[in-house]
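# Structure assessment
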Amino acid sequence: MIIVMKPNAAKESVNAITNYIEGKGLQAHLSEGTEVTIIGVVGDKTKLSQDSIMSYKDVQKIVPVTESYKLTNKQFHPEPSIIKVGNTEIGSNNLTIMAGPCAVETEQQLLSIAHAALAGGANILRGGAYKPRTSPYAFQGLEEEGLRYMQEAKAETGLSTICEVVSLDAINAAVKYVDMIQIGARNMQNFYLLKEAGKSGLPVLLKRGLCATIDEWLNAAEYIIAEGNPNVVLCERGIRTYETATRNTLDISAVPVLKEKTHLPVIVDPSHSTGSYKYVPSMAKAAVACGADGLMIEVHNDPANALSDGPQSLTFKRFNQLCKELHPFADLVGRKF
Ligand code: PEP
Ligand code: MN
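What this report covers is the structure whose coordinates are included nearby. Just so we're clear, the structure is a prediction, and the values are computed from it rather than from any experiment.

About the criteria used
Numbering of residues begins from 1 in every chain and follows the order in which that chain's sequence is written. Working convention: letters from A go to chains and numbers from 1 go to ligands, in the order in which they are written. Residues qualify for local features only when their pLDDT is at least 70, as the model is predicted, and side-chain atom pairs are given and counted only at 80 or more; totals for whole chains, interfaces and linings, by contrast, use all residues. Side-chain descriptors were evaluated using all non-hydrogen atoms of the structure, hydrogens and water having been removed beforehand. Only DSSP runs of H or I covering at least 4 residues are called helices, and only runs of E covering at least 2 are called strands; the numbering of each starts at the N terminus. The reference for a compact globule is 2.2 Å times residues^0.38; the radius of gyration itself is calculated from the C-alpha atoms. Each residue gets one of three labels from its accessible area relative to the maximum for its type: buried under 20%, exposed over 50%, partly exposed in between, using a 1.4 Å probe on protein chains only. Residue contacts follow a heavy-atom distance rule, with two residues in contact if any of their heavy atoms lie within 4.5 Å. To be clear on the numbers: accessible area is Shrake-Rupley with a 1.4 Å probe, and residue cover counts the displayed protein chains and nothing else. As used throughout, the charge tally considers Lys and Arg to be positive and Asp and Glu to be negative, leaving His and the chain termini uncounted. Lys charges are placed at NZ, Arg charges at CZ, Asp charges at CG and Glu charges at CD. A cutoff of 4 Å decides nearness: a residue is near a molecule or strand if any of its heavy atoms lies inside that distance of it. Counting of polar contacts relies on pairs of N or O atoms within 3.5 Å, with two restrictions inside protein: one atom must be capable of donating a hydrogen and the other of accepting it, and residues adjacent in sequence are counted only when both atoms are side-chain atoms. We call Asp, Glu, Lys and Arg charged. Ala, Val, Leu, Ile, Met, Phe, Trp, Tyr, Cys and Pro are nonpolar, and the rest, Gly among them, are polar. We define a salt bridge as a side-chain nitrogen of Lys or Arg found within 4 Å of a carboxyl oxygen belonging to Asp or Glu. For Na, K and Ca the donor cut-off is 3.2 Å, while for other metals it is 2.8 Å, and in both cases only N, O and S atoms qualify; water is not among them, so sites may look incomplete. Between rings of Phe, Tyr and Trp, where Trp is taken as its six-membered ring, a pair exists when centres lie within 6.5 Å; planes separated by under 30 degrees are stacked, by over 60 edge-to-face, and by other angles tilted. Strands qualify as paired when DSSP identifies two bridges or more between them. Note on geometry: axes are C-alpha line fits, over the in-contact stretch for helices, and angles between N-to-C directions span 0 to 180 degrees.

In this section: the overall build of the protein chain. Counting secondary structure elements, the protein chain contains 11 helices and 14 strands. Computed over the C-alpha atoms, the radius of gyration of the protein chain is 21 Å, within 12% of the 20 Å expected from 2.2 N^0.38 for a compact globule of 337 residues. Its C-alpha atoms give the protein chain principal-axis dimensions of roughly 70 × 45 × 45 Å. Sorting the 337 residues of the protein chain into buried and exposed places 53% on the buried side. Within the protein chain, counting contacts between residues at least 6 apart in sequence, those at least 24 apart form 69% of the total. Total accessible area on the protein chain stands at roughly 14300 Å², and carbon and sulfur atoms take up 51% of it. Treating the 33 positive side-chain charges of the protein chain as one cloud and the 36 negative ones as another, the clouds have centres 3 Å apart.

This paragraph deals with the site of ligand 1. Taken together, the neighbourhood of ligand 1 is formed by C102, R126, K131, E164, Q182, G184, A185, R186, K207, R237, H272 and E298. Separating an oxygen atom of ligand 1 from a backbone N or O atom of A185 is a distance of 2.7 Å. Within the side chain of K207, one N or O atom sits 2.9 Å away from an oxygen atom of ligand 1. By residue class, the composition of the shell around ligand 1 is 2 nonpolar, 3 polar and 7 charged.

Another point: the pattern of salt bridges. Counted according to the given criterion, the structure contains 12 salt bridges. We note a salt bridge from E236 to R208, for which the minimum N-O separation is 2.8 Å. Here E236 is found in strand 12 (residues 232-236), whereas its partner R208 is found in the loop between strand 11 (204-207) and helix 7 (214-225), with 28 residues between them in sequence. Like E236, the residue R208 is buried in the burial classification. The residue K285 makes a salt bridge to E325 at a minimum N-O spacing of 2.7 Å. Remark: E325 occurs in helix 11 (residues 316-332) and K285 occurs in helix 10 (residues 280-289); sequence separation between them is 40 residues. Salt bridges here are not isolated pairs; linked through shared partners, they connect R208, E236 and D251.

Here the focus is the side chain of T72. One can find T72 in the loop between strand 4 (59-63) and strand 5 (83-85). Of the polar contacts made by the side chain of T72, one reaches the side chain of E222; its length is 2.7 Å.

Next up on the list: the coordination of the manganese ion (ligand 2). For the manganese ion (ligand 2), every protein donor is listed as C102 (SG), H272 (NE2), E298 (OE) and D309 (OD), and the spread of their distances is 2.0 to 2.3 Å. The motif formed by the donor residues of the manganese ion (ligand 2), counted along the single chain, is C-x169-H-x25-E-x10-D. Of this pair, C102 sits in the loop between strand 7 (96-100) and helix 3 (107-120) while H272 is found in helix 9 (residues 270-274), placing the two residues 170 residues apart along the sequence.

A word on the packing of aromatic side chains. Taken as a whole and assessed by the stated rule, the structure comprises 2 aromatic pairs. When the ring of Y20 is compared with that of Y56, the centres are 5.8 Å apart and the planes differ by 45°; the resulting orientation is tilted. In this pair, Y20 is assigned in helix 1 (residues 11-23) and Y56 in the loop between helix 2 (50-55) and strand 4, connecting sequence segments 36 residues apart. For Y56, a relative accessible area of 27% translates into the label partly exposed.

A separate point is unusual backbone geometry. A positive phi angle, close to 70°, is found at D58, a residue other than glycine. Within the secondary structure, D58 is located in the loop between helix 2 and strand 4. Among the residues examined, D58 registers a relative accessible area of 16% and is labelled buried. A positive phi angle, close to 55°, is found at D309, a residue other than glycine. Structurally, D309 is set in the loop between strand 14 (294-298) and helix 11.

Glancing now at the sheet that holds strand 9 (residues 160-164). Pairing in this closed barrel of 8 strands is parallel, and the strands run 7-8-9-10-11-12-13-14 around the ring. Taken pair by pair, the neighbouring strands of this sheet meet at an average axis angle of 25°, ignoring direction.

Written out as structure tokens, the structure is:
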């Protein structure tokens, strides 16, 4: 449930209710917006008396939260969250562009892509060092060496960095080198990994599982936030449907649905959702137009010889062109880029 306080409620009233809730062994999460203060309650509500709560000063109303995810819920936190990542932020008026190779392959490859990403207008460099590949014989990533190259690319370009993690070892390595960690589609319901990501203290990009409903996805986000890490960003990357013309089906309507259900920022990955560089520009524009907070785009210096996801990777020229074409779409929704 949430307890909505009257406008301009006194701090003492908020504290008194918080003490009552915590005294009963439940958690009270405060959301102080410009308009209204809300106290979100997590725990066994049967231990609380609604009459007692209503008898406290400055309480306006009690609203039940029926969804199983609470901290992720927009009712708990009506203002959109802005997540700080290195020297940039996601969810503000700025349009976030994450760009980079599917996999970090060599130091030279990453540095050249990082410079191209920066030139196009990206603010976050992506690069996989731990690759969860469908085949065990496919390139599995450079692991810690790849993370070191990410750190070097950040030092050269000033771009913030994100890297996928697939294990606790990977998380422990990533915290030393990058600004944000990514939980990939295949691990969206790896609850152990979600909890460890929550404990890492780094902002987390949580991709949607291949067959996950929006409800399951928001519950996965809840696992991370419940560990005390509120810095979660959601990434729609396409879902499995019967359609085979594209690698996955981009659920573009997930953007407005999520905007209604959660305060977390939402970004869209037109690369993994379509699987083809040809469809990336139109889906990127659609995502910006419908209110996404940003994009994740795969860019490669030589897509034909990429060690993973070459067919969906943009060349430097195509990435640059797309960024130019995105400007009017960003203007349309009032985002700076
Ligand atoms: C990736 O971003 O490189 C990746 C593997 O994405 P996903 O988890 O969405 O398949
Ligand atoms: Mn990829």
